[in-house]
Amino acid sequence: MAATSEATTVWNGTLFEGSGTVSLDSSKAATKLPVNWQARAEGSDTVTTPEELLGAAHAACFSMQFSNMLTEAGSPPESIQTTAAVTFQPGTGITGSHLLVSATVPGISEEDFERIANEAKASCPVSKALTGTAITIEASLA
């Protein structure tokens, strides 16, 4: 059975002077998140960006994929923490997503951990959707 998730953006004005809000419709998990060009082009600690939202999706997707692959390999994780840093270059677009992973996985070798982390990076659905974008990873056992 397929699941469809929805988010809505309402934008007012031009790209450079305008602003908008993003609503997470399916989960209703948050109030309206503000977005604007200045935050996207220069960064902000108070306004979200499409890249921050993409990073959240990539970190969640990778963590779920990695957890499943570790479990299937006989090494279920105790915990996985993933940060996805998505870079946006004005005039170019999204140039990469860097996954920074720290996990507690009892009894796994460093070699198996690294191999499975790289397989999860390549096979998670969000990574596949980002085909054409550089995806890098730093994974370490906690």
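One can find the structure itself at the top, above this paragraph.
By convention here, each chain's residues receive numbers from 1 onward along its written sequence. Selection of residues for local features in this predicted model requires a pLDDT of at least 70, selection of side-chain atom pairs for listing and counting requires 80 or more, and totals for whole chains, interfaces and linings are taken over all residues. Side-chain calculation: all heavy atoms of the structure are included, whereas hydrogens and water are not.

The subject of this paragraph is the packing of helix H2 (residues 50–72) against helix H3 (residues 110–123). Two packed helices can be described by the angle between their axes and the distance between those axes. Here, axes are lines fitted to C-alpha atoms. For helices the fit covers the stretch in contact, and angles between N-to-C directions go from 0 to 180 degrees. For helices the rule is a DSSP run of H or I covering at least 4 residues; for strands it is a run of E covering at least 2, with both sets numbered from the N terminus onward. Put simply, H2 and H3 touch, their axes get as near as 9 Å, and they point 135 degrees apart. It follows from the interaxial angle that H2 and H3 lie oblique. Here the hand of the crossing between H2 and H3 comes out right-handed. Packed against H2, whose contacting residues are Phe 62, Gln 65, Phe 66, Met 69 and Leu 70, the element H3 presents Phe 113, Ile 116, Ala 117, Glu 119, Ala 120, Lys 121 and Ser 123 at the interface. Here the contact of H2 with H3 is built from residues that sort into 8 nonpolar, 2 polar and 2 charged. Any angle that is under 35 degrees is reported as roughly parallel, and any over 145 degrees as roughly antiparallel; angles of 65 to 115 degrees are reported as roughly perpendicular and all others as oblique. Each crossing is labelled by how the near helix is turned from the far one, with a counterclockwise turn of less than a right angle marking it left-handed and a clockwise turn marking it right-handed. Whether two residues are in contact is decided by their heavy atoms, any of which lying within 4.5 Å being enough. Ten residue types, Ala, Val, Leu, Ile, Met, Phe, Trp, Tyr, Cys and Pro, are classed as nonpolar, four, Asp, Glu, Lys and Arg, as charged, and the remainder, Gly among them, as polar.

Here we come to the packing of aromatic side chains. Any two aromatic rings considered together are summarised by their centre-to-centre distance and by the angle between their planes. Each Phe, Tyr or Trp ring (for Trp, its six-membered ring) is paired with any other whose centre lies within 6.5 Å, and the angle between the two planes then decides the class: stacked below 30 degrees, edge-to-face above 60, tilted in between. Following the criterion strictly, the structure yields 4 aromatic pairs and no others. Between Phe 16 and Trp 37, the aromatic rings sit 5.4 Å apart at their centres with planes inclined by 85 degrees, giving edge-to-face as the arrangement. Highlighted residues: Phe 16 in the loop between strand S1 (8–12) and strand S2 (19–23) and Trp 37 in helix H1 (residues 37–42), separated in sequence by 21 residues. Residue exposure (1.4 Å probe, protein chains only): buried if accessible area is under 20% of the type maximum, exposed if over 50%, otherwise partly exposed. Among the residues examined, Trp 37 registers a relative accessible area of 18% and is labelled buried. Ring centres of Trp 37 and Phe 88 lie 5.9 Å apart, and the angle between their planes is 85 degrees; this geometry places the pair in the edge-to-face category. Separated by 51 residues along the polypeptide, Trp 37 in helix H1 and Phe 88 in strand S4 (residues 79–89) bring together distant segments of the chain. Members of the aromatic cluster, each reached through a chain of ring pairs, are Phe 16, Trp 37 and Phe 88. A ring has a charge above it when a Lys NZ or an Arg CZ is no more than 6 Å from the ring centre and no more than 35 degrees off the ring normal. We note Arg 40 situated over the ring of Phe 88; from NZ or CZ to the ring centre the distance is 4.2 Å.

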